[in-house]
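# Observations on chain architecture
Below are the chains, spelled out letter by letter.
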Amino acid sequence: MEWSHYYYKLTADIDLSGKSWDIRNFCGVIDGDGHSIKNYTTTGYARNFGLICELYGGIINVNMENAFVMVNNSTDVDMMAGMFAVWNRGLIKNCTIDKNTVISVTGMVDAYIGGFAGRNDGTIENCTNNANVSASIRYGAIALDGNGTIKNCVNNGDISCGASYGIAASGTIQDCINNGSFKNCGVAYGIAGRGTIRN
């Protein structure tokens, strides 16, 4: 489904228990106004997961609560995923992922897995990840790869992955903090693996 240039403001929490959510390309704005999207679930086989596949607009002021992602793909080598956007080309701002969210991804030889976005070529700002993650591949607590900007973001979740990045693998990273711990990681970077780090 494609949603165009509209502004959507939540007036209550959204409970996705037992419901599907499939937005491919989104150019509008979702303003959570401090409300939460609860119980987003993806299990089994998944090439991608996230609220939106390609985000060209914005997601602001949204809390992700009690999400459950447990994916095991034994053959795919090109998975890309993030809880808010698979590929962010727009803006993710003032959003959180709560500590009750479960993220477990195994089986891929290579993948772009990030807390808020798999690939970030836009801006992620003032966002906080509190979820722990376990993955057999690469993972960035805010985003994994991309040429975008991540600023004023915080990771409080612990990471157990093959290659782990406290904030992101690349891009411009400004005024970000990683408070999480690395466990059983092949390679671990406190903030980023490459790119530009400011402050």
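Look a little higher up for the structure.
Quick caveat: nothing in here was measured; it's all calculated off a predicted structure.

### Quick look at the overall build of the chain
Scanning the chain from N- to C-terminus turns up 0 helices and 31 strands. Here the chain holds 199 residues, and 50% of them are scored as buried. Residue pairs at least 24 apart in sequence account for 73% of intrachain contacts in the chain once pairs closer than 6 positions are excluded. Carbon and sulfur atoms make up 46% of the accessible area of the chain, which totals about 8,500 Å².

### Quick look at the nonpolar core
By size, the foremost hydrophobic cluster in this structure holds 47 residues, and its most contacted members are Phe49, Met83, Phe84, Ile92 and Ile124. Breaking this core down by element, the ones donating at least two residues are β4 (23–26), β8 (52–55), β11 (68–72), β12 (79–82), β16 (102–106) and β21 (132–135). Discounting chain neighbours no more than four positions away, the residues touching Ile124 are Asn88, Ile92, Phe116, Ala117, Ile142, Ala143, Thr149, Ile150, Lys151 and Cys153.

### Digging into the environment of Ile124
With respect to the helices and strands, the residue Ile124 is situated in strand β19 (residues 123–125). Of the residues examined, Ile124 reaches a relative accessible area of 0% and is grouped as buried. Between the C-alpha atom of Ile124 and that of Ala143, which follows or precedes it by 19 residues, the distance is 8.6 Å.

### Quick notes on the state of the cysteines
A full pass over the atoms with the stated rule returns 0 disulfides. The structure places no disulfide on Cys95, whose sulfur is separated from the nearest cysteine sulfur, that of Cys127, by 4.8 Å.

### Here's the deal with the environment of Gly162
Mapping Gly162 onto the fold places it in the loop between β26 (159–160) and β27 (163–165). Classification of Gly162 by relative accessible area gives partly exposed; the value is 29%. Sequence separation between Gly162 and Ser134 is 28 residues, and the spatial gap between their C-alpha atoms is 9.2 Å.

### Points about the pairing of β11
Because side chains alternate across β11, one face comprises the buried residues Val69 and Val71, and the other comprises Phe68, Met70 and Asn72, none of which is buried. Note that β11 and β16 share 5 bridges and pair parallel. Paired with Met70 across the strands is Ser104, a residue of β16.

### Quick notes on the packing of aromatic side chains
Inspection of every chain in the model, using the stated rule, returns 3 aromatic pairs. Here Tyr8 and Phe26 contribute two aromatic rings whose centre-to-centre distance is 6.1 Å and whose plane-to-plane angle is 40 degrees, an arrangement assigned as tilted. Here Phe26 lies in strand β4 and Tyr8 lies in strand β2 (residues 7–9), a separation of 18 residues in the sequence. Ring centres 5.2 Å apart and planes at 25 degrees place the aromatic pair Phe84 and Phe116 in the stacked group. Here Phe116 lies in the loop between β17 (111–114) and β18 (117–120) and Phe84 lies in the loop between β12 and β13 (85–88), a separation of 32 residues in the sequence. Each of the two residues, Phe84 as well as Phe116, counts as buried. Each residue in the set Tyr6, Tyr8 and Phe26 is aromatic and connected to the rest through ring pairs, giving one cluster. Taking the ring centre of Trp87 as reference, the NZ or CZ of Arg89 above it sits at 3.8 Å.

### So, unusual backbone geometry
Negative phi is the rule for most residues except glycine; trans is the rule for most peptide bonds. In this structure, Asn61 is a non-glycine residue whose phi angle is positive, near 60 degrees. Relative to the assigned elements, Asn61 resides in the loop between β9 (58–60) and β10 (63–65). Exposure remark for Asn61: the relative accessible area of 23% places this residue in the partly exposed category. Notably, Asn152 is not glycine yet its phi reads approximately 55 degrees, a positive angle. Residue placement: Asn152 occurs in the loop between β24 (149–151) and β25 (154–155).

Reading the values: rules and limits
- Residues numbered from 1 in each chain as written.
- Predicted model: local features only at pLDDT ≥ 70, side-chain atom pairs only at ≥ 80, totals over all residues.
- Heavy atoms only, no water.
- Helix = DSSP H or I, 4+ residues; strand = E, 2+ residues; numbered from the N terminus.
- Buried < 20%, exposed > 50% of the residue type's maximum accessible area, 1.4 Å probe, protein only.
- Contact = heavy atoms within 4.5 Å.
- Areas by Shrake-Rupley, 256 points an atom, 1.4 Å probe, with all protein chains shown as cover.
- Core = buried A, V, L, I, M, F, W, Y, C linked by side-chain atoms within 4.5 Å.
- Disulfide = S-S within 2.5 Å.
- Pairing = 2+ DSSP bridges.
- Phe/Tyr/Trp six-rings, centres within 6.5 Å; stacked < 30°, edge-to-face > 60°.
- Lys NZ or Arg CZ within 6 Å of the ring centre and 35° of its normal.

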